[in-house]
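Close look at the chain arrangement
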Amino acid sequence: MDLAWESPATNIARVEALLGAHRADVWVLPEMWSTGFTMNTALAEGEAGPAYRAMQRWAAERQALLIGSLQVRIGDKARNRLYAVFPNGQVASYDKRHLFRMASEHAYYEAGTQRLLVEWQGWRIAPLICYDLRFPVWSRRTPEYDYDLLIYVANWPSARHAHWTALLPARAIENQAYTLGVNRIGTDGNRHTYAGGSVLLDPKGEVILHAGSAEGAFVATIDIEALRTYRERFPAWQDADKFEILPTTAWG
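This section reports on the structure supplied with the text. (Residues numbered from 1 in each chain as written. Predicted model: local features only at pLDDT ≥ 70, side-chain atom pairs only at ≥ 80, totals over all residues. Heavy atoms only, no water.)

**What to know about the pairing of strand S8 (residues 178–183)**
- Counted residue by residue, S8 has six buried out of six residues, so it is predominantly covered.
- Side-chain alternation along S8 places Tyr-178, Leu-180 and Val-182 on one buried face and Thr-179, Gly-181 and Asn-183 on a second face that is also buried.
- For S8 and strand S11 (residues 199–201), the ladder comprises three bridges, and the chain directions are antiparallel. Looking at the pairing, Gly-181 lines up with Val-199 of S11. (Buried < 20%, exposed > 50% of the residue type's maximum accessible area, 1.4 Å probe, protein only. Helix = DSSP H or I, 4+ residues; strand = E, 2+ residues; numbered from the N terminus. Pairing = 2+ DSSP bridges.)

Following this line, the structure appears as structure tokens:
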């Protein structure tokens, strides 16, 4: 979607219109979908602000899992927080670990310290945020962080779009997992342009769905049995190097 700069009400209405009558089990929105990628933390909503409540409403109405990140204020700290909102009202969250210093994000937001793993309809889903894509250790599938679907929500600019198109297949291939990148389109208030390129990849890195530079609600189907069969027939994961990382918050 094209995000209206620093206008939550406009973006809430825009998501409502884009979703329309479409149906899916999981809906994924871009990074900071209610405001755009802004360092204006005065806009950060509380833990139960209007965009958060909209996600809860959409999840309940559609009986779907809603995923997307928002500006959120926790005490005196702002976070770039991803919410995974379930139809029953339960909510899990992940605070962006890798803050984009080239935009001074680290000066305005507090970084997270734990990854998130959620379970939904028999799938293990690992949601991350934008700049996290550049750090393969943080994204690495391990026995403790074992997922079927890896998701990145993003405001990834056109200036580095080639990196987006290169890194997403790499994450799918090296982790042998379905991988989804959801990026915005349009131009933000800092005159940065975004080419979109939202894409769903299979565990071999091959494209299942590509949204191009269009705005819209795009739906595709993924197959858990096909994933398991592929991992059994090509068990590269068994030869992965062992390492330790910060704890994971498990949900579900």
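**Points about the packing of helix H1 (residues 8–19) against helix H2 (residues 50–62)**
- At a closest axis distance of 11 Å, the pairing of H1 and H2 adopts a crossing angle of 15 degrees. On the basis of their axis angle, the class for H1 and H2 is roughly parallel. Between H1 and H2 lies a crossing of right-handed hand. Contacts between H1 and H2 involve Ile-12, Val-15, Glu-16 and Leu-19 on the former and, on the latter, Pro-50, Ala-51, Ala-54, Arg-57, Trp-58, Glu-61 and Arg-62. (Axes fitted to C-alpha atoms, helices over the stretch in contact; angles between N-to-C directions. Parallel < 35°, antiparallel > 145°, perpendicular 65-115°, else oblique. Left-handed = near helix turned anticlockwise from the far one by under 90°. Contact = heavy atoms within 4.5 Å.)

**Observations regarding the nonpolar core**
- Grouped together as the largest cluster of nonpolar side chains are 43 residues, with contacts concentrated most on Ile-67, Ile-125 and Ile-151.
- Top contributing element to this core by residue count: strand S7 (residues 149–154), with six residues.
- Of all hydrophobic cores here, the second largest spans 21 residues; its members include Trp-27, Met-55, Leu-66 and Leu-70. (Core = buried A, V, L, I, M, F, W, Y, C linked by side-chain atoms within 4.5 Å.)

That is the geometry; function is a separate question.
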